Every structure is written in C-alpha cells, then in structure tokens.
Amino acid sequence: QVQLVESGGGLVQPGGSLRLSCAVSGSIFSSDVMGWYRQAPGKQRELVGTIRSGGITNYADSVKGRFTISGGNARNTVYLQMNSLKPEDTAVYYCNLRRNSGAYSYWGQGTQVTVSS
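The notes below deal with the structure included here. Every residue gets a number counted from 1 within its own chain, in the order that chain's sequence is written. Thresholds applied to this predicted model are a pLDDT of at least 70 for local features of residues and 80 or more for the giving and counting of side-chain atom pairs; totals over whole chains, interfaces and linings are not thresholded and use all residues. Side-chain numbers here rest on the full set of heavy atoms in the structure, without hydrogens or water.

### Looking at the nonpolar core
At step 1: By nonpolar core we mean a set of buried residues, namely Ala, Val, Leu, Ile, Met, Phe, Trp, Tyr and Cys, connected to one another through side-chain atoms within 4.5 Å. Each residue's exposure class comes from its accessible area (1.4 Å probe, protein chains only) as a fraction of the maximum for that residue type: buried when under 20%, exposed when over 50%, partly exposed otherwise. Core analysis: the largest hydrophobic core is formed by 25 residues, its most contacted members being Met-34, Trp-36, Leu-80, Met-82 and Tyr-93.
At step 2: Looking at this core, the elements with two or more residues in it are strand 3 (18–24), strand 4 (33–39), strand 5 (46–52), strand 7 (67–71), strand 8 (77–82), strand 9 (91–99) and strand 11 (111–115).
At step 3: When neighbours within four sequence positions are excluded, Tyr-93 is seen to be in contact with Glu-6, Leu-20, Trp-36, Tyr-37, Arg-38, Val-48, Phe-67, Leu-80, Met-82, Gly-110, Thr-111 and Val-113. Going along the chain from the N terminus, every DSSP run of H or I of four or more residues is numbered as a helix, and every run of E of two or more is numbered as a strand. Note on contacts: a residue pair is in contact if any heavy atoms of the two residues lie within 4.5 Å.

### Concerning the state of the cysteines
At step 1: Note on terminology: pairs of cysteine sulfur atoms within 2.5 Å are recorded as disulfides. Summed over all chains, the structure comprises one disulfide.
At step 2: Linked covalently through their sulfurs, Cys-22 and Cys-95 form a disulfide whose S-S length is 2.0 Å. With the S-S dihedral at roughly -85°, the linkage between Cys-22 and Cys-95 falls on the left-handed side. One end of the pair, Cys-22, is in strand 3; the other, Cys-95, is in strand 9, with 73 residues separating them in the sequence. Each member of the pair, Cys-22 as well as Cys-95, carries the same accessibility label: buried.

### Comments concerning the pattern of salt bridges
At step 1: Take a side-chain nitrogen of Lys or Arg and a carboxyl oxygen of Asp or Glu: if they are within 4 Å of each other, that pair is a salt bridge. Within this structure, the stated rule accounts for five salt bridges.
At step 2: Its salt-bridge partner being Glu-46, residue Arg-38 comes within 2.7 Å of it at the nearest N-O pair.
At step 3: Asp-61 is the partner of Lys-64 in a salt bridge, and the nearest nitrogen-oxygen pair spans 3.1 Å. There is no split in this pair, since Lys-64 and Asp-61 are both exposed.
At step 4: In this structure, a network of salt bridges that share partners links the residues Arg-38, Glu-46, Arg-66 and Asp-89.

### A short note on the side chain of Arg-66
At step 1: Within the secondary structure layout, Arg-66 lies in the loop between strand 6 (56–59) and strand 7.
At step 2: For Arg-66, a relative accessible area of 11% gives the class buried.
At step 3: Among all residues touching Arg-66, those that are not within four sequence positions of it are Gln-81, Met-82, Asn-83, Ser-84, Leu-85, Lys-86 and Asp-89.

### Considering the pairing of strand 3
At step 1: Strand 3 sits mainly inside the fold: five of its seven residues count as buried.
At step 2: With four bridges connecting them, strand 1 (residues 4–7) and strand 3 associate as antiparallel partners. By the bridge assignment for strand 3, Ser-7 is matched with Ser-21.
At step 3: Here, a strand pair is defined by DSSP locating no fewer than two bridges between the strands. As paired strands, strand 3 and strand 8 are joined by six bridges and run antiparallel to one another. Following the sheet pairing, Ser-21 is matched in strand 8 by Tyr-79.

What follows is the structure, encoded as structure tokens:
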C-alpha cells in the first residue's frame, strides 16, 4: 500500500525556479529508488532523475546542473528543485518509487509545470 502525491507545480517564467514535492505514504525503504519523470504533450514519459539511499542521485543530461533531487527532513518526502527553467521543461511531472529491484513501481498522479512568459 504505497501512495505518492506530487505538489508544487504551476506557471513560471523562463529562467525561474520551482520546487516540487513528492509525499510518500509510509516510509521509504533504504533499498528503494525514487525518481522524477516528466511527460510533455505528444511526447513519451522521460526520466528526469533518481535518488537512492545515501542521497546518491543521477540526472538526465537535459536537466543536469539545473535540477536537484533531495530528501526532506522527513524520510517520506522527496523534492525536485528546478532552476533556470526553460519552456522545453513544460510537462506533467511524476514521482516514482521502485521497490524490490523494480518488481514494484508506484506512481503519483502528476503535477503540471508550465514554463512560459
């Protein structure tokens, strides 16, 4: 029984910043891998980045240096800090939790991010 809820999306100007939150019901296991994905209209869902135990992160080249994934003070919350936003970052952003080496995969409902002047 895992539920993920994203929040923090909205409209932001190019060059601006936005911080997304992913609240997970219950605890995040040390073996879990959490990720942020995004899907633009007419496009396939793509990986933004991941975070795992110890704060180890990986990012897609398209967001590297601009986006940062981190865990909050509470273990059940993961954040996506987005800086220097571009119009091409416009998408629905989804939080994902992978458990048991991918045997289980849970998704949030998504939150809309629109980058436009």
